[in-house]
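# Coordinate inspection notes
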Amino acid sequence: MSHTSQPEFASWRLDTSDLDIAALPVLCEVDVVVVGAGAAGVAAATVAAEQGRSVLLVEKYGFAGGAAVAGMSGTICGLYRSAPEPVAPEQLVYGFTERFRKELRSRGGLTAPQLYGKTFTDAHDPLVWRETADALLEAAGVRVLFHAGVLAPVLDGETLRGVVIESNAGRSVVRARRVIDASGDAAVVARTGAPTVFGDEGVIQNPTMFFRLGNVDMAAYESFYGPDTICAPEVSAAIEEARDKGADLPRSKIWMFRTPRPGELLVNATRLTGRDGRMLNVIDPEDFTEAEVYGRQQVRAYADFLARNVPGCADSFVVDTGVEVGIRQTRSILGVETLRNDDVVECRKRPDGVVRSAWPIELHNGDRPKLQWLYDDYYEVPYHALVPRAGEHVIAAGRCLSAEHEALASARVTAQCFEYGHAAAVATLISLEEEARYRDIRGSDVRERMRAAGSAL
Ligand SMILES: Cc1cc2nc3c(=O)[nH]c(=O)nc-3n(C[C@H](O)[C@H](O)[C@H](O)COP(=O)(O)OP(=O)(O)OC[C@H]3O[C@@H](n4cnc5c(N)ncnc54)[C@H](O)[C@@H]3O)c2cc1C
């Protein structure tokens, strides 16, 4: 059979400065527009609206959750302390994270803490996550627009005055006094022309496609696999043996979590590169597509391996994969300050720290993910790591904060992302009250207000 020849793709253009924004209709005017409804965006929009501000939350999917739900990362990591011999979970992060955690739990959408190497983590149900976010946003009075993407910033010199959004209905302008970029990819900041960073000089962590496995005999599974969600060396050895016999199982250290549903596991196993082994640049839809297609194939290969080799999984089936392949890292802002690798390794605390973390440096490159633990301690992320170096009236929240490569590999997990959103909302409230630029706000003031709202800082 002959294949038709396919056109070569040319490259992409991010700059939208030739867009005739003045000619577009204005959809609304708000105090705050939040771009992206992941953990950070939900937190930011809820907190800002609860304080009486008019808030519009714009999200390209039809639900909230971002990487945690669409990417099905599936667990709230970053809540607990790490220890060489962890005995019981000791919670370190509260504030908005705790509000969301409690609400998920009360709706039956969260497991008890599960052992993860030297710490613990809680697994959530992605549907209950969406419902929890809907309820919080509605109760706070946030106006939510799903199925709408941000196309461009509305700029007045270096100052943001809103964003241009695009949907199947067309394009329109949202005028806003402040913009919170919670897109995970610094989608707004990058479009202002402000400097951004892409991984470690262009090298990013590899994506993973998660999947859920149903009809697992949990008693048989647990007596074999043990309590640790990180697989034992014998499982890695079995994966390597199957790989030697030709199975497509590029990652040998895998993680499996119980979910809130009976007989179900959440599996974090795949490691996605191009078929030729190259790193995939998932900002580019061509590489993103390759990750999706290859991801589904790897999911089948791992599910097949589990059915054949892991007790309790013989009659299991793949329930679903994430809506999209899980993207750990793309573009980050270049901030007024940057969280340094040393800040993380040395567990630095600071008077302007607005989020704390004890999560290990978790690097996903190569055959086995690397974990560098922070025992019996934590570090704090400075407020100005959320403030872009260039541009006014815009702040970042979530995994696109300014951080060095290894530091980001620790600072990006969900418990912290909720609190970055909380911090960005508090800074936005101060900025509006005092007509202050984000860069001129003191991190210690943001910290104090967050403490008053329940954050452990
Ligand atoms: C493979 C993988 C494994 C992970 N494992 C874990 C784990 O086990 N535990 C854990 O706690 N964390 C884990 N993480 C990290 C965690 O899931 C994310 O870092 C966190 O959820 C990011 O939250 P966020 O709000 O910053 O961004 P995101 O969750 O990425 O949310 C950004 C939102 O913005 C939307 N958006 C983007 N651009 C636009 C636009 N132009 N217009 C409108 N909307 C837009 C997106 O659709 C998305 O909903 C993992 C991540 C990945 C990818």
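Residues numbered from 1 in each chain as written. Predicted model: local features only at pLDDT ≥ 70, side-chain atom pairs only at ≥ 80, totals over all residues. Heavy atoms only, no water.

Here strand β19 (residues 379-382) shows no split at all, with Y379 and V381 on one side and E380 and P382 on the other all buried. Relative to β19, strand β16 (residues 353-357) runs antiparallel, the two sharing four bridges. Paired with S357 across the bridge in β19 is Y379. (Buried < 20%, exposed > 50% of the residue type's maximum accessible area, 1.4 Å probe, protein only. Helix = DSSP H or I, 4+ residues; strand = E, 2+ residues; numbered from the N terminus. Pairing = 2+ DSSP bridges.)

Let us now look at the sheet that holds strand β5 (residues 119-123). Spatially, β3-β5-β4 is the arrangement adopted by the three strands of the open sheet, whose pairing is antiparallel. Bordering the open sheet on either side are β3 (75-76) and β4 (114-116), each of which pairs with just one other strand. Examined bridge by bridge, β4 and β5 share three bridges and lie antiparallel to one another. Paired with Y116 across the strands is T119, a residue of β5.

Looking now at the environment of A39. With respect to the helices, strands and loops of the structure, A39 is situated in helix α1 (residues 39-50). For A39, a relative accessible area of 9% gives the class buried. When the C-alpha atoms of A39 and R243 are compared, they prove to be 36 Å apart, with 204 residues separating the residues in sequence. Not counting residues within four places of it along the chain, the set of residues in contact with A39 comprises G65, W129, T414, C417 and F418. (Contact = heavy atoms within 4.5 Å.)

Right, let's get into the site of the ligand. Taken together, 35 residues are adjacent to the ligand, and E59, A67, T75, C77 and R412 come closest. In the model, an oxygen atom of the ligand is placed 2.7 Å from a nitrogen or oxygen of the A67 main chain. The contact in question runs from an oxygen atom of the ligand to an N or O atom on the side chain of T414, over 2.8 Å. Protein contacts shield 96% of the accessible area of the ligand, which totals 1000 Å² for the unbound molecule. Going through the elements one at a time, α1, α2 (66-69), β3, β7 (149-156) and α11 (414-434) are the ones with two or more residues in the shell around the ligand. (Near = heavy atom within 4 Å. Polar contact = N/O pair within 3.5 Å; in protein donor to acceptor, adjacent residues only side chain to side chain. Areas by Shrake-Rupley, 256 points an atom, 1.4 Å probe, with all protein chains shown as cover.)

Contact geometry for α11 and helix α12 (residues 443-452): axes closest at 9 Å, N-to-C directions at 115°. Judged by the inter-axis angle, α11 sits roughly perpendicular to α12. In this structure, α11 meets α12 at a crossing whose hand is right-handed. Across the interface between the two elements, E419, H422, A423, V426, A427, L429, I430 and E433 of α11 pack against D445, V446, R449 and M450 of α12. (Axes fitted to C-alpha atoms, helices over the stretch in contact; angles between N-to-C directions. Parallel < 35°, antiparallel > 145°, perpendicular 65-115°, else oblique. Left-handed = near helix turned anticlockwise from the far one by under 90°.)

Moving on to unusual backbone geometry. Look at N215: it is not a glycine, yet its phi comes out positive at around 60°. Tracing the sequence through the fold places N215 in the loop between β11 (211-214) and α6 (218-225). In the Ramachandran plot, E435 falls in the positive-phi region, its phi being about 50° despite a non-glycine side chain. With respect to the element layout, E435 can be found in the loop between α11 and α12.

Moving on to the side chain of D352. Mapped onto the elements, D352 comes out in the loop between α9 (341-345) and β16. Taking the relative accessible area as the measure of exposure, D352 reaches 14% and is therefore buried. If we ignore the near neighbours within four places in the chain, the residues touching D352 are E337, V381, P382, Y383, G443 and S444.

The subject of this paragraph is the packing of aromatic side chains. Counting across every chain of the model gives eleven aromatic pairs. Between Y116 and W255, the ring centres sit 5.1 Å apart and the planes meet at 80°, which makes this aromatic pair edge-to-face. On the criterion of sequence distance, the pair formed by Y116 in strand β4 and W255 in strand β12 (residues 255-258) is long-range, its members being 139 residues apart. Neither Y116 nor W255 differs from the other in exposure class; each is buried. Ring geometry for Y221 versus Y225: centroids 5.0 Å apart, planes at 20°, classification stacked. Of this pair, Y221 and Y225 both sit in helix α6, separated by four residues, roughly a single helical turn. Take Y221 and Y225: they sit in the same class, and that class is buried. Ring pairing ties together the aromatic residues Y116, W255, F257, W359 and W373, which thus form one cluster. (Phe/Tyr/Trp six-rings, centres within 6.5 Å; stacked < 30°, edge-to-face > 60°.)

Split by domain assignment, the protein resolves into domain 1 (21-201 + 330-452) and domain 2 (211-321). Using only C-alpha atoms to locate each centre, domain 1 and domain 2 end up separated by 28 Å. Opposite the 28 residues of domain 1 that make contact, domain 2 presents 26 residues. Of the roughly 2100 Å² buried at the junction of domain 1 and domain 2 (both faces included), carbon and sulfur atoms supply 63%. For the interface between domain 1 and domain 2, the tally reads two salt bridges. A salt bridge links D125 to R261; its shortest N-O distance comes to 4.0 Å. Between domain 1 and domain 2 we count three residue pairs in polar contact (both at pLDDT 80 or more) in total. Those elements that provide at least two residues to the side of domain 1 that touches domain 2 are β4 and β5. With three residues, the single largest contributor to the side of domain 1 that touches domain 2 is β4. (Domains from an automatic or database assignment. Buried area = accessible area lost by both parts, 1.4 Å probe. Salt bridge = Lys/Arg side-chain N within 4 Å of Asp/Glu carboxyl O.)

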